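Overview (structure and organization)
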Amino acid sequence: MAVIISGKELATKKKNEMALKVQDYLKVYGRAPHLAVILVGEDPGSISYVKGKEKACQEIGIINTTIRKDATITEEQMLEMINTLNADDRIDGILVQLPLPKHIHSDKIIQAIRKDKDVDGFHSDNVAALYLKQKGIVSCTPKGIIEMLKSIDCKIEGKRACVIGRSNIVGMPVAKLLLDQNATVTICHSKTSDLASVTREADILVAAIGKPKFVTAEMVKDGAVVIDVGVNRNPETNKLCGDVDFENVKEKVAYISKVPGGVGPMTICCLMENTLECYLAHMEDKND
Ligand code: NAP
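The rules we used
- Residues numbered from 1 in each chain as written.
- Predicted model: local features only at pLDDT ≥ 70, side-chain atom pairs only at ≥ 80, totals over all residues.
- Heavy atoms only, no water.
- Helix = DSSP H or I, 4+ residues; strand = E, 2+ residues; numbered from the N terminus.
- Rg over C-alpha atoms; globule rule 2.2 N^0.38 Å.
- Buried < 20%, exposed > 50% of the residue type's maximum accessible area, 1.4 Å probe, protein only.
- Areas by Shrake-Rupley, 256 points an atom, 1.4 Å probe, with all protein chains shown as cover.
- Lys, Arg positive; Asp, Glu negative; His and termini not counted.
- Charge placed at Lys NZ, Arg CZ, Asp CG, Glu CD.
- 1 Å grid on protein atoms, 1.4 Å probe; cavity = no way out; pocket = protein on both sides within 12 Å on 5 of 7 lines; lining within 4 Å.
- Points joined across faces, edges and corners; volume = space filled by probe spheres on them.
- Nonpolar A, V, L, I, M, F, W, Y, C, P; charged D, E, K, R; others polar.
- Near = heavy atom within 4 Å.
- Polar contact = N/O pair within 3.5 Å; in protein donor to acceptor, adjacent residues only side chain to side chain.

**Quick look at the overall build of the protein chain**
Regarding its fold elements, the protein chain presents 10 helices and 11 strands. The globule rule puts the C-alpha radius of gyration for 288 residues at 19 Å, and the 19 Å found for the protein chain is close to it. Looking at the 288 residues of the protein chain, the share that counts as buried comes to 50%. When the accessible surface of the protein chain is totalled, it reaches about 14400 Å², and 52% of it is carbon and sulfur. Distance from the positive charge centre (38 side chains) to the negative charge centre (39 side chains) of the protein chain: 2 Å.

Structure representation (structure tokens):
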């Protein structure tokens, strides 16, 4: 039976370490890191994600300002708000909770965030930096997945990794990070034929699809490491579940992450890490 990779435990450990660091930073720089989060509308999922971020900030000692706006806000008003936050020297990180209402172009909003305050790592300059192996901000979910693999001393180099999903926020960047760690990476998607024949070859399997219990025991290799990124509702129980048929797959693989308690907490943890990185860069810039 598999060992469960607990993103929740790893995130708690890392947040405790960050909290200690923030105490030191306060003494050196005279102020705490500051994250601004913009939340538009009343989407319950978004509200809950933002609450999770507020809680993590509180635990670490990061100042959090959540700016809540009605869904009728215009794109122009949002751009103005971002410009103000960009210019505010006391704000280290800016995050816009997605999705935004349809009348606002998310791309335009993300691009307006100063790239050195883009804690989500979604600005095209940060995305390009990842692909060009330059210094930049790495988006939180892919970063968290790599940290989970490292936490179990998973040797990535030389391994066959398979990522199911090719979105810009999960599938593609996690595949790039695995490649950078010298895995041989296959990226699968909805048009992949005979998906199971590909996934069964994988020593490391990352599922980022958005379909409950999609990855079955027949699709995984004996002794593989499986990371489940999916966040779905189980249609039978209405409880949160991942993309992997956890109960059956766990009998076959060596390591597996669980939903909830897996990638989700590590995503928030890496958001906090990115906020600290932006803060430190900001502080060091000022001291130059
Ligand atoms: P997405 O943009 O909808 O991408 C889903 C991917 O799955 C697409 O590349 C799609 O292929 C592929 N796919 C769909 N059906 C497939 C099939 N039958 N066989 C193989 N591939 C298939 O979703 P996302 O934003 O990457 O998110 C994926 C999941 O991760 C969601 O459940 C999301 O909620 C979750 N998530 C979790 C976190 C976290 O922090 N825990 C963060 C982000 C996302 P095509 O490209 O061909 O359409």
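**What to know about the layout of surface pockets**
The space that makes up the second largest pocket amounts to roughly 390 Å³. Asp116, Lys135, Gly136, Ile137 and Ala281 are the residues nearest the centre of the second largest pocket, which is lined by 15 residues in total. Looking at the lining of the second largest pocket, the element that brings in the most residues is helix H10 (residues 263–287), giving 5 residues. Here the lining of the second largest pocket is composed, by residue class, of 3 nonpolar, 3 polar and 9 charged.

**Describing the site of the ligand**
Inspection of the region around the ligand gives 21 residues, with Arg166, Ser167, Ser190, Val231 and Thr267 positioned closest. One nitrogen or oxygen atom from the side chain of Arg166 is found 2.7 Å from an oxygen atom belonging to the ligand. Contacts to the ligand include Ser167, whose side-chain N or O atom sits 2.5 Å from an oxygen atom. For the ligand, whose accessible area on its own is 930 Å², the fraction buried by protein is 71%. Broken down by element, the residue count for the shell around the ligand peaks at 3 residues, all from H10. Among the residues making up the shell around the ligand, the classes are represented as 9 nonpolar, 10 polar and 2 charged.

Nothing here speaks to function; it is all geometry.
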